Amino acid sequence: MQLPPICGEGVIKSWEKCYACSNKDFTVWKNQSGATNLNFKDVLKLCSDGETRTLNFKSKDNKLYKGKLVINDEKQIVTIA
Ligand SMILES: [Zn+2]
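Rules and cut-offs
What you see as residue numbers is a count from 1 along each chain, following the sequence as written. Given that the model is predicted, a residue must reach a pLDDT of at least 70 before its local features are reported, and side-chain atom pairs must reach 80 or more before they are shown or counted; all residues, however, enter totals for whole chains, interfaces and linings. Each residue is classified by how many other C-beta atoms fall within 10 Å of its C-beta atom, where C-beta atoms are placed from the backbone; a count of 20 or more means buried, 12 or fewer means exposed, and values in between mean partly exposed. We count a stretch as a helix when DSSP gives it H or I for four or more residues in a row; a strand needs E for two or more, and each element gets its number in order from the N terminus. The directions from the helix axis to the C-beta atoms form the arc being described. Here, residue contact means that the backbone-derived C-beta atoms of the two residues sit within 7 Å. Criterion used throughout: strands pair if DSSP finds at least two bridges between them. Lines are fitted to the C-alpha atoms to define the axes, a helix being fitted only along its stretch in contact, and any angle between axes, read from their N-to-C directions, falls within 0 to 180 degrees.

Take helix H1 (residues 40-49) next. Each turn of an α-helix holds 3.6 residues, which means side chains three or four residues apart point in the same direction. Taken together, the buried positions of H1 are occupied by Asp-42, Val-43, Leu-46 and Cys-47. Angular distribution of buried residues about the axis of H1 spans 140 degrees; they occupy a single face of the element. Turned more than 90 degrees off the buried face of H1, the exposed positions are Lys-41, Ser-48 and Asp-49. Buried residues in H1 make contact with strand E1 (12-14), strand E2 (18-21), strand E3 (27-29), strand E4 (55-58) and strand E5 (64-71). Phi turns positive, to about 85 degrees, at Gly-50, one or two residues after H1.

Strand order in the open sheet made by the 3 strands is E1-E2-E3, with antiparallel pairing throughout. Of all the strands in the sheet, the pair left with one neighbour each is E1 and E3. The sheet shows a mean angle of 15 degrees between the axes of neighbouring strands, taken without regard to direction. Judged from the 3 bridges that link them, E2 and E3 form a sheet pairing that is antiparallel. Among the inter-strand pairings, Tyr-19 is bridged to a residue of E3, identified as Val-28.

Here you go:
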């Protein structure tokens with residue numbers, strides 16, 4: 001089982017619109033930063049490796065691009081193209 005990055009002890013579950021730690025200190029939206037193919041496995045990899053595989057994103061002006069979700073030193077989720 002993959003432990004969440006903030007508290008390190010909760011359980012990550014899939015909800016309707018997000019994946020979140022049961023201790024409510026870590027949430028990844030299913031369309032985080034416009035991600036279009038983020039899945040549960042990606043979130044588990046984000047927790048274990050600090051980054052996802054290369055994902056597809058759609059920007060606010062409808063441009064498609066590839067990038068990754070990364071957990072930075074402040075334990076925030078950021079997107080790198
Ligand atoms: Zn947690």
